[in-house]
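Commentary on secondary and tertiary structure
The lines below spell out each chain.
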Amino acid sequence: MKNMPAVLVVEDESAIAELIAVNLRHNGFRPRWAMDSDSAQREIDDGVPDLILLDWMLPGESGLVLAKRWRADPRTKEVPIIMLTARGDEADRVAGLDAGADDYIAKPFSTKELLARVRAVLRRRTPESTGEALTIAGLTLDSSTHRVSFEGAALKLGPTEFKLLHYLMGHAERVHSRAQLLDNVWGDHVYIEERTVDVHVKRLREALSHAGVMVETVRGAGYRLTAKPAMPIVSSQPSADRASA
């Protein structure tokens, strides 16, 4: 049981929840079920799962509210979240991703696709380790220790943002289309839209703080990480003049 990833299914429709739970159990996962926001929070308080399948429309607080809360909580900040919902419009998908979801799947969905997405998100949670640290213009990523820093100051990145940065730093100065990033960071077997890349690039820039300008948008082409961005990199360290004042 200890080696079986725990998946919290937050779904108010018992038939759907049971179908998901059965398929998870038969494929090596340990499902837990919560039918509303209150019971979901109790499950989280009892033990942080490896992944959360979160329905948007719930009795009490919505899944969107829960996703934002859990992303703001240090205990659950890095737990992968997949939104499950009948709301399939682009604006709703973007809202779910902006709230902190790692992926989004619209109802009705096939259990095979759901399981594929669960496996893909869990793989992204632990980036591949090459044992080598990458450093570009003061930005350092150490895959063996899963640490990122800028000019010696530690930065906190989520698992997907870490893997995205790892890929960009390993292929610095090159322009990568959204499709290429999806294939190389998420995997070509994952069924998510290119808009997802934009959301995670935004999160990555925010997490990098002063170094965020190094991740450039190349209009009509995609993204690149560069040591010489168009916008100057502002040092995170105090200047000598300010330090001596």
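Below you will find a few notes about this structure. (Residues numbered from 1 in each chain as written. Predicted model: local features only at pLDDT ≥ 70, side-chain atom pairs only at ≥ 80, totals over all residues. Heavy atoms only, no water.)

1. Remarks on the pairing of strand β2 (residues 30–34)
The criterion, for reference: Pairing between strands requires that DSSP locate at least two bridges from one strand to the other. Think of it this way: any DSSP run of H or I at least four residues long counts as a helix, any run of E at least two long counts as a strand, and we number them from the N terminus. By definition, the crossover connecting two strands over a helix is right-handed if that path, from the first strand to the second, turns clockwise as seen with the strands pointing away from the viewer.
Direction of pairing for strand β1 (residues 6–10) relative to β2: parallel, over a ladder of five bridges. Residue pairing across strands places Val7 opposite Pro31, the latter belonging to β2. Assessed by its sense of winding, the connection that carries the chain from β1 through helix α1 (residues 14–26) to β2 is right-handed.

2. Overview of the sheet that holds strand β7 (residues 139–142)
Our working rule: A fitted line through C-alpha atoms represents every axis, and for helices the fit uses only the stretch in contact; the resulting angles, taken between N-to-C directions, go from 0 to 180 degrees. What makes two residues a contact is simply this: any of their non-hydrogen atoms within 4.5 Å.
Spatially, β6-β7-β8-β9 is the arrangement adopted by the four strands of the open sheet, whose pairing is antiparallel. Across the chains shown, the open sheet's two edge strands, defined by having one partner strand only, are β6 (133–136) and β9 (153–155). Strand-to-strand, the axes of this sheet are offset by a mean angle of 25 degrees, without reference to chain direction. In terms of strand pairing, β7 meets strand β8 (residues 147–150) through four bridges, oriented antiparallel. Its bridge partner being in β8, Asp142 is matched across the sheet by Arg147. Sheet strands in contact with helix α6 (residues 159–170) are β6, β7 and β8, and its direction is about 115 degrees off that of β7.

3. Remarks on the packing of α6 against helix α8 (residues 195–208)
To be explicit about the condition: Roughly parallel here means an angle under 35 degrees, roughly antiparallel means over 145, roughly perpendicular means 65 to 115, and every remaining angle is called oblique. As a working rule, the residues Ala, Val, Leu, Ile, Met, Phe, Trp, Tyr, Cys and Pro are called nonpolar, Asp, Glu, Lys and Arg charged, and the rest polar, with Gly in that last group.
Contact geometry of α6 with α8 gives a least axis separation of 9 Å together with a crossing angle of 85 degrees. Taken together, the axes of α6 and α8 are roughly perpendicular relative to one another. In contact with Thr160, Glu161, Leu164, Leu165 and Leu168 of α6, α8 contributes His200, Val201, Arg203, Leu204 and Leu208. A per-class count over the contact of α6 with α8 returns six nonpolar, two polar and two charged.

4. Things to note about the sheet that holds β1
Spatial ordering of the open sheet is given by β2-β1-β3-β4-β5, a layout of five strands whose pairing is parallel. The open sheet is flanked by β2 and β5 (103–106), the only strands paired with a single partner. When strand polarity is set aside, the average angle formed by the axes of neighbouring strands in this sheet is 20 degrees. The pairing of β1 with strand β3 (residues 51–55) spans four bridges and is parallel. Note on β3: the bridge partner recorded for Val9 is Leu53. Docked against the sheet, α1 engages β1, β2, β3 and β4 (81–85), running at close to 165 degrees with respect to β2. Lying on the sheet, helix α3 (residues 63–72) is in contact with β1, β3 and β4; it crosses β3 at an angle near 150 degrees.

5. Focus: the pairing of β3
Within a regular strand, side chains alternate between the sheet's two faces. We apply this condition: Accessibility here uses a 1.4 Å probe with only protein chains present; expressed as a share of the type maximum, an area under 20% marks a residue as buried, one over 50% as exposed, and anything in between as partly exposed.
Burial of β3 is extensive: five of the five residues sit out of reach of the surface. Neither face of β3 is left uncovered, since the one carrying Leu51, Leu53 and Asp55 and the one carrying Ile52 and Leu54 both have all their residues buried. Where the polypeptide runs from β3 across α3 and back to β4, its parallel neighbour, the crossover connection is right-handed.

6. Some thoughts on the nonpolar core
In globular proteins that are soluble, nonpolar side chains generally tend to be buried together. Applied cut-off: Among buried residues, those of type Ala, Val, Leu, Ile, Met, Phe, Trp, Tyr and Cys that are joined through side-chain atoms within 4.5 Å constitute a nonpolar core.
Membership of the largest hydrophobic core comes to 26 residues, with the highest contact counts inside it found for Leu139, Val148, Leu157, Leu165, Leu204, Leu208 and Leu225. Here this core takes six residues from α6, the largest share from any one element. Listed in part, the 19 residues of the second largest apolar core include Leu8, Leu54, Ala67 and Ile81.

7. As for the environment of Ala221
Within the secondary structure, Ala221 sits in the loop between β10 (215–218) and β11 (222–225). Overall, Ala221 belongs to the partly exposed group, its relative accessible area being 32%. Distance in space between the C-alpha atoms of Ala221 and His176 is 7.2 Å, their sequence separation being 45 residues. When residues no more than four places from it in sequence are discounted, the contact partners of Ala221 are Val175, His176 and Ser177.

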